[in-house]
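Observations on chain architecture
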Amino acid sequence: MIIKNNLEQILQSLPKACTLVAVSKTHPPELVLQAYEAGQRVFGENKVQEMVAKYEVLPKDVQWHLIGHLQSNKVKYIAPFVHLIHSVDSLKLLQEIDKQASKNKRIISCLLQVHVAQEETKFGFSPKEIEAFMQSTELPLLQSTRVIGLMGMASFTDNKQQIREEFIILKKLFDTLKQGSLPLNVSMTELSMGMSSDYTLAIEEGSTMVRVGSAIFGTRNYTNG
Ligand SMILES: *Cc1c(COP(=O)(O)O)cnc(C)c1O
């Protein structure tokens, strides 16, 4: 019953309009099912293979969110069922998602991953790159994808002020884009930011979607995957 209690506690602190993505990576389907039975329907995974394996054994009304880096050659495995991809970091990837969505006669919703943390990472657009991306002539041509917002991660630090400032940068970018002119297949409705250690800060700064793992399922044992 720990999972149920954790979920209830987190949901109590979330505004109604904010979606809780329960990040179930590394945890076995039996634990995901416990969260499902407590009423949770939205789950996040960071690896394609693991998400497919869980999709196959868990109830079909689960909404699966991919939150980790996605390689173009693996899009085909999740295209039949994925609900939202948080981690789009290139036009090439978005084009492949569009192609696979079309093959499956689906429209797949996506978020653009924005890099605001201090750490070096190869993934995600810079805020400047996002603004340029919106001007791309290729973007409006995509028929089977919808970009519905942004996803970002704050720095891995105890410095709450720094984390807050990074969330503020994301929210400002989100609002600026929202007020500007966007292609028809792009809207700024979801801002995915906040994890176990910083989701309350993220909510204060305007998050609409928090991705919470360890605060629900406990610490992860990476030797299991
Ligand atoms: C693992 C992960 C999370 C959840 O992390 P917790 O600290 O366990 O809440 C959120 N977002 C992404 C992108 C992740 O990879």
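Residues numbered from 1 in each chain as written. Predicted model: local features only at pLDDT ≥ 70, side-chain atom pairs only at ≥ 80, totals over all residues. Heavy atoms only, no water.

When the terminal C-alpha atoms of helix 5 (residues 91–103) are compared, their 18 Å separation across 13 residues agrees well with the 18 Å that a helix rising 1.5 Å per residue should span. Among the residues of helix 5, L93, L94, E96, I97, D98, Q100 and A101 are the ones counted as buried. In this structure, the buried residues of helix 5 make contact with helix 4 (75–78), strand 4 (84–88), strand 5 (108–115), helix 6 (127–133) and strand 6 (145–153). (Helix = DSSP H or I, 4+ residues; strand = E, 2+ residues; numbered from the N terminus. Expected span 1.5 Å × (residues − 1). Buried < 20%, exposed > 50% of the residue type's maximum accessible area, 1.4 Å probe, protein only. Contact = heavy atoms within 4.5 Å.)

A few words on the site of the ligand. Near the ligand, the surroundings consist of V23, K25, I67, M153, M195, S196, R211, V212, G213, S214 and R220. At a separation of 2.7 Å, an oxygen atom of the ligand approaches a polar side-chain atom of K25. A distance of 2.8 Å separates an oxygen atom of the ligand from a polar atom in the backbone of S214. For the shell around the ligand, the per-class residue count stands at 5 nonpolar, 3 polar and 3 charged. (Near = heavy atom within 4 Å. Polar contact = N/O pair within 3.5 Å; in protein donor to acceptor, adjacent residues only side chain to side chain. Nonpolar A, V, L, I, M, F, W, Y, C, P; charged D, E, K, R; others polar.)

Turning next to the pattern of salt bridges. All told, the structure shown has 8 salt bridges when counted by the stated rule. Each member of the salt-bridge network shares a partner with another, and the members are E45, E50 and K54. (Salt bridge = Lys/Arg side-chain N within 4 Å of Asp/Glu carboxyl O.)

On to the pairing of strand 6. Of all 9 residues in strand 6, 7 are buried; the element is thus mostly enclosed. Two strands pair when backbone bridges link them, and strand 5 and strand 6 are joined in this way by 8 bridges, in the parallel orientation. For C110, the partnering residue across the bridge sits in strand 6 and is V147. Taken together, strand 6, helix 7 (residues 160–179) and strand 7 (residues 186–192) constitute a β-α-β crossover, and its handedness is right-handed. (Pairing = 2+ DSSP bridges. Right-handed = clockwise from strand over helix to strand, strands pointing away.)

For the rest of this paragraph, the subject is the packing of aromatic side chains. All chains considered together, the criterion is met by 3 aromatic pairs. For the pair Y55 and F81, a centre-to-centre distance of 3.8 Å together with 10° between the ring planes defines the contact as stacked. Of this pair, Y55 sits in helix 3 (residues 48–57) while F81 is found in the loop between helix 4 and strand 4, placing the two residues 26 residues apart along the sequence. By relative accessible area, F81 is classed as buried at 12%. Measuring from centroid to centroid gives 5.0 Å for F125 and F133, while their planes differ by 50°, and the two rings are tilted. (Phe/Tyr/Trp six-rings, centres within 6.5 Å; stacked < 30°, edge-to-face > 60°.)

As a further point, take the nonpolar core. Judged by nonpolar contacts, the single largest core of 62 residues is most densely connected at I78 and L150. Apart from residues no more than four positions distant in its own chain, L150 is found in contact with L111, L112, V114, I130, L170, L173, F174, L177, M188, E190, L191 and S192. Core analysis: the next-biggest nonpolar cluster, separate from the first, contains 7 residues, V21, V42, L84 and M151 among them. (Core = buried A, V, L, I, M, F, W, Y, C linked by side-chain atoms within 4.5 Å.)

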